[in-house]
Amino acid sequence: MSWVTIVWSAVIGACLMLAMTHLLVWCRDRRSWANLCFAVAVFGEIGLVVAEMITMSTGSPEVYGRTMRWTHLVYAIGVAGSLGFVHFNFGSGRRRLLALALGLRFLVVVANFTTGANLHIRSIQSLQKISFLGEQVSILGNWEPNPWMRLGWIAMLAQIGYMADASLRLWRTGSGPLRKRAVFVGGALVFFTISSAACWSSAPTIRKWSPS
């Protein structure tokens, strides 16, 4: 078994345990919507890890592009879960910002399935192999970028804006424990979202496109 499989499988296992823990909490108390949303967000992350394993192992440009296309749907599910977690756990976010973030993410999914191979890539001509953790994995070779990827960046900014706004409003109006929640939970979510979105958005640009 390769190191890539071992490490990525370990990440999936850890995420699955975390998701199941929060799902069990929701099953015992159906009013704990924050726990259900958190579980949905983690299941979304599991989907991303599985998709990444597929893209790294395939040698087919068609499979690579199709996997990335479905990955955007999985990512959107995770985004909805994380936004729902902030909404129910903080109770301080602006509903209009929440609706904007969810609406833009929905438009991203629509563009992802209708404008090219996926939101980031209009077409893939070839893949190339690189050495990673002692194994040959696939990355993009020659490909054509999709200009609709800018919509994904806008949706990401709306998502971060909602989380930051909800955290700031909770910090301003809450007591000591609530302020700590705003700083540590809200800050961690904003940081994780920025890091995750930056990695996800830049993944297709590992190698600069050159016409075949």
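Structure: see above.
Residues numbered from 1 in each chain as written. Predicted model: local features only at pLDDT ≥ 70, side-chain atom pairs only at ≥ 80, totals over all residues. Heavy atoms only, no water.

**Re the overall build of the protein**
When helices and strands are tallied, the protein shows six helices and four strands. Along the protein, from the amino end to the carboxyl end, the secondary structure elements read α-α-α-α-β-β-β-β-α-α. The C-alpha radius of gyration computed for the protein amounts to 18 Å, which stays within 12% of the reference 17 Å derived for 212 residues, consistent with globular compactness. Once the C-alpha set of the protein is aligned to its principal axes, its extents read approximately 60 × 40 × 25 Å. Taken over 212 residues, the protein has a buried fraction of 44%. Put simply, of all contacts in the protein between residues at least 6 apart along the chain, 72% involve residues at least 24 apart. With the model as given, the accessible surface of the protein reaches about 11,400 Å², and the carbon-plus-sulfur share is 68%. The protein carries 19 positive and 7 negative side-chain charges, and their two centres are separated by 12 Å. (Helix = DSSP H or I, 4+ residues; strand = E, 2+ residues; numbered from the N terminus. Rg over C-alpha atoms; globule rule 2.2 N^0.38 Å. Buried < 20%, exposed > 50% of the residue type's maximum accessible area, 1.4 Å probe, protein only. Contact = heavy atoms within 4.5 Å. Areas by Shrake-Rupley, 256 points an atom, 1.4 Å probe, with all protein chains shown as cover. Lys, Arg positive; Asp, Glu negative; His and termini not counted. Charge placed at Lys NZ, Arg CZ, Asp CG, Glu CD.)

**Topic: unusual backbone geometry**
Peptide bonds are trans in most cases, and residues, glycine excluded, mostly fall at negative phi. The phi dihedral of L133 falls on the positive side, at around 55 degrees, and the residue is not glycine. With respect to the secondary-structure elements, L133 resides in the loop between β2 (127–132) and β3 (135–140).

**Brief notes about the pattern of salt bridges**
Scanning the model with the defined rule gives three salt bridges in all. In this structure, R31 and D29 form a salt bridge, with 3.4 Å as the shortest nitrogen-oxygen distance. Given a relative accessible area of 72%, R31 falls into the exposed group. Take D29: its relative accessible area is 30%, and that puts it in the partly exposed class. Across the pair R94 and D165 runs a salt bridge whose closest N-O atoms are separated by 3.2 Å. Placement of R94 in the loop between α3 (61–90) and α4 (95–114) and of D165 in helix α5 (residues 149–173) is noted, with a sequence separation of 71 residues between them. With relative accessibility at 15%, the residue D165 sits in the buried group. (Salt bridge = Lys/Arg side-chain N within 4 Å of Asp/Glu carboxyl O.)

**Section: the nonpolar core**
Among the nonpolar cores identified, the biggest contains 27 residues, and L83, F85, V86 and M163 are the most heavily contacted of them. Those elements giving two or more residues to this core turn out to be α2 (33–57), α3, α4, α5 and α6 (176–202). The element that contributes the greatest number of residues to this core is α5, accounting for nine residues. When residues no more than four places from it in sequence are discounted, the contact partners of M163 are S82, L83, V86, L189, V190 and T193. Ranked by size, the runner-up nonpolar core spans 10 residues in total, among them V4, W8, I46 and V137. (Core = buried A, V, L, I, M, F, W, Y, C linked by side-chain atoms within 4.5 Å.)

**A few points about the layout of surface pockets**
Of the pockets and cavities examined, the second largest pocket occupies roughly 410 Å³. Taken together, 21 residues form the lining of the second largest pocket, with A41, E45, S82, L189 and F192 sitting closest to its centre. For the lining of the second largest pocket, the secondary-structure elements that each account for two or more residues are α1 (3–28), α2, α3, α5 and α6. Taken together, the residues of the lining of the second largest pocket sort by class into 15 nonpolar, five polar and one charged. (1 Å grid on protein atoms, 1.4 Å probe; cavity = no way out; pocket = protein on both sides within 12 Å on 5 of 7 lines; lining within 4 Å. Points joined across faces, edges and corners; volume = space filled by probe spheres on them. Nonpolar A, V, L, I, M, F, W, Y, C, P; charged D, E, K, R; others polar.)

From the geometry alone we can't say anything about function, so treat these as descriptive.
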